[in-house]
Amino acid sequence: MPVITVARMTARLDVAGAVTGLVAVALSLTPSLLPRPAWGQGLVSGLAFAVGYGVGVLAWRGIARLSRGRLPDAADAPAWIVTLIGLGGVAAIMPFALDWQNSVREAVGMPDTSGFDWLVAGVGYLLGAWLAFGIGRGVARGYRALHRLIAPRIPGRDTRPRASSTATVAATLVAMLAVFSIGLSVLSWLLTVASESKNRQYDPEYAQPTSELRSGGPGSLVAWDQVGQAGAKIVGGGPTREEIAAVTGLDAQDPIRVYVGIDVPGTFEERAQLAVEELERTGAAERSVLLLAGTTGSGWLDPAAIDGFEYLHAGDTALVAMQYGATGSPVSALLTPDLSQDGTTALVEAVTAWWEALPEGDRPQLVVYGLSLGSFGIQSAYDDAADLQASTEGAVLAGTPSFTPIWSAQQDARDAGSPYSLPVLDDGAHVRWTDAWGGLDAPASPWEAPRVAYLQHGNDPVVWIGPRVIWAEPEWLKTGQRSASVSEDMVWIPVVTAFQGVIDLILSTAVPEDAGHKYGNLAVDALRQVSGDAGLDDDAMARVRAVIEQYDTFSPVAN
């Protein structure tokens, strides 16, 4: 007679973990600065659930231990019961989550999300939870392995068991931190090697320059194979004299572009001096305007900004930039933060010294420009705001990271009654802020030279998210200080708001041009306000703007 085996559902899950996980999911769905793709939001929520589940399990075990037997060690229950709790919780959360996410989308002018988006989010959620649980199990295995390795080497296991156990746990945690630190160093090295390799793989769309006015071209002191991928796009791109004349209606020149890549041998100071020699070789001293640009982590410059600058001045310009690394800005800011400061400072000091030695009445206007980590690098080259104004004849600084001292000091020194999101300082005498084309016209008082323009969208996580947001409500979220481009439903939640901002930074690149960390078109207006133009009339300026608005929009997050 055949034996029939009846399978019973015996799997059990932790109720405390599931409840805490649901709370974490709800927090991950609260409004942030920018909308996210559905898969990204699902991935984040899945990660949040897994982390919350682990925290809930550990918290219950800690409470149970403190209860000395009055509570069970595990708050577990049959898996089907926990699953029902989870589904019920999700069903309760979703209507709120939908409203929250759509409030963020409406704030940046994007259409509401749809039901199908949530299907995609569900797939991302499963993937995120699986990934986080996998990482958690790996960390637990690593802890247990180290614990087994260390425990026999801790004295007093028999004579003083409690002290020995505590010492073993502490030693294991220290060992795990050491392993993590070593792993981070290895990761940094691997990313640097990979980025430098990619930096040598040129885009075939950008050919070696044939003009002597470009680094990497005939007579250049910088070889073509030393400008790097980012540099090749700069010296191999941009408008020609004919293109500039066609758009502006003015007689034009071929712009000068000087760029020194990281493959050029020598220190930052030696490379900066080479950039100065390139300026001399190309005749930059004879141009009307010199734009000293700070690059992002990979050496990138926004083509909309630098091309627009050349249209504004009918090509009577010189651009100089120097690469200090090849990794993207987020990686560079986290793992090699000194590079942007040291590299950009070397360039600023060398170029400024050269420029100051030129006849004061017969030298180009010196304007500095930086976007994202490039803005941080440029400002790091000066002692304070007064030094920046005294050493230049104008500055355009876009998407400045929140950890930039000069920017922070000026934000805090704003005039009474002006909002933190768009301050007014000294009634706009020298420094002004904007988040829209034409915004630098306010206030109505005279804007005196040298002019400094800060471009910052109210929903740019690079500008607003910093370590302090973890434990303190930021000024930009307080009543009367927040931008209209931030969802009214967004509130500060300790730790969560900072976490949400970091996720926005990573995932939220598919946003309109007037939102997030995108400033290419807006920079053209600022450059005109700060450096002037070659006498463009309104029709010519409209044509320049139309050309620049056709450019692909880039976020420097990946650069």
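Described below are features of the structure shown in this document. (Residues numbered from 1 in each chain as written. Predicted model: local features only at pLDDT ≥ 70, side-chain atom pairs only at ≥ 80, totals over all residues. Heavy atoms only, no water.)

A few words now on the overall build of the protein chain. Helix and strand counts for the protein chain stand at 18 helices and nine strands. Projected onto the principal axes, the alpha-carbon positions of the protein chain cover approximately 100 × 60 × 50 Å. In the protein chain, which comprises 559 residues, the proportion classed as buried is 50%. For the protein chain, the accessible area works out to roughly 26200 Å², and carbon and sulfur atoms hold 60% of it. Taking the average location of the 36 positive side-chain charges in the protein chain and that of its 60 negative ones, the two points are 19 Å from each other. (Helix = DSSP H or I, 4+ residues; strand = E, 2+ residues; numbered from the N terminus. Buried < 20%, exposed > 50% of the residue type's maximum accessible area, 1.4 Å probe, protein only. Areas by Shrake-Rupley, 256 points an atom, 1.4 Å probe, with all protein chains shown as cover. Lys, Arg positive; Asp, Glu negative; His and termini not counted. Charge placed at Lys NZ, Arg CZ, Asp CG, Glu CD.)

The next point concerns the packing of aromatic side chains. All told, the structure shown has eight aromatic pairs when counted by the stated rule. On the numbers, 5.2 Å between centres and 85° between planes, the contact of Tyr202 with Trp224 is edge-to-face. Here Trp224 lies in the loop between α5 (161-199) and α6 (228-235) and Tyr202 lies in the loop between α5 and α6, a separation of 22 residues in the sequence. Judged by centre distance (6.2 Å) and plane angle (40°), the ring pair of Trp464 and Trp476 falls under tilted. Taken together, the residues Trp464 in helix α15 (residues 461-464) and Trp476 in the loop between α15 and α16 (496-507) connect sequence positions twelve residues apart. Judged by relative accessible area, Trp464 falls into the buried class, the value being 3%. By relative accessible area, Trp476 is classed as buried at 3%. Between Arg363 and the ring centre of Trp355, over which it is positioned, the NZ or CZ distance is 3.8 Å. (Phe/Tyr/Trp six-rings, centres within 6.5 Å; stacked < 30°, edge-to-face > 60°. Lys NZ or Arg CZ within 6 Å of the ring centre and 35° of its normal.)

Time to look at the nonpolar core. Ranked by internal contacts, the top residues of the largest apolar core, which has 104 residues, are Leu292, Val320 and Trp354. For Val320, the contacting residues outside a window of four places in its chain are Val258, Ala275, Leu279, Leu290, Leu291, Leu292, Ala293, Leu347 and Val351. (Core = buried A, V, L, I, M, F, W, Y, C linked by side-chain atoms within 4.5 Å. Contact = heavy atoms within 4.5 Å.)

Counted by the stated rule, this structure contains nine salt bridges. With a shortest N-O distance of 3.5 Å, Arg414 and Glu475 are connected by a salt bridge. Of this pair, Arg414 sits in the loop between α14 (405-412) and β8 (431-434) while Glu475 sits in the loop between α15 and α16, and the two are 61 residues apart along the sequence. Looking at Arg414, the relative accessible area reads 18%, which means it is buried. (Salt bridge = Lys/Arg side-chain N within 4 Å of Asp/Glu carboxyl O.)

Turning to helix α17 (residues 520-531), a few remarks are in order. Between its first and last C-alpha, α17 extends 16 Å over twelve residues, near the 16 Å set by a 1.5 Å rise per residue. With eleven of twelve residues buried, α17 is to be regarded as a mostly interior element. Along α17, the residues that are buried comprise Gly520, Asn521, Leu522, Ala523, Val524, Asp525, Ala526, Leu527, Gln529, Val530 and Ser531. Once α17 ends, the next one or two residues include Gly532, with phi positive near 80°. (Expected span 1.5 Å × (residues − 1).)

What follows is about the pairing of β8. Side chains Val431 and Trp433 project from β8 onto one buried face, and the interleaved Arg432 and Thr434 project onto a second face that is buried too. Pairing of β8 with strand β9 (residues 452-455) involves four bridges; the strand directions are parallel. Looking at the pairing, Trp433 lines up with Tyr454 of β9. (Pairing = 2+ DSSP bridges.)

On the surface, Asp99, Glu106, Asp112, Glu488 and Asp489 cluster together to form a negatively charged patch. In this fold, Asp112 is placed in the loop between α3 (79-107) and α4 (115-150). (Patch = residues over 30% accessible without salt bridge, like charges linked within 9 Å, V, L, I, M, F, W, Y side chains within 5 Å.)

Along the chain, Asn102 turns up in helix α3. Beyond its immediate chain neighbours, meaning those up to four positions away, Asn102 contacts Asp112 and Thr113.

The tally for this structure, following the rule as stated, stands at two cavities of 30 Å³ or more. Approximately 30 Å³ is the volume attributed to the second largest cavity. Along the lines of polarity and charge, the residues of the lining of the second largest cavity split into five nonpolar, three polar and no charged. (1 Å grid on protein atoms, 1.4 Å probe; cavity = no way out; pocket = protein on both sides within 12 Å on 5 of 7 lines; lining within 4 Å. Points joined across faces, edges and corners; volume = space filled by probe spheres on them. Nonpolar A, V, L, I, M, F, W, Y, C, P; charged D, E, K, R; others polar.)

The subject of this paragraph is the pairing of strand β5 (residues 317-322). Judged by how many residues are buried, β5 sits mostly within the fold: six of six residues are covered. The two faces of β5 match: Thr317, Leu319 and Ala321 on one face and Ala318, Val320 and Met322 on the other face are all buried. Pairing geometry for strand β3 (residues 256-260) and β5, over five bridges, is parallel. Bridge pairing in β5 places Val260 opposite Met322. Here strand β4 (residues 289-294) runs beside β5; their pairing, made up of four bridges, is parallel. Bridged to Leu291 within β5 is Leu319.

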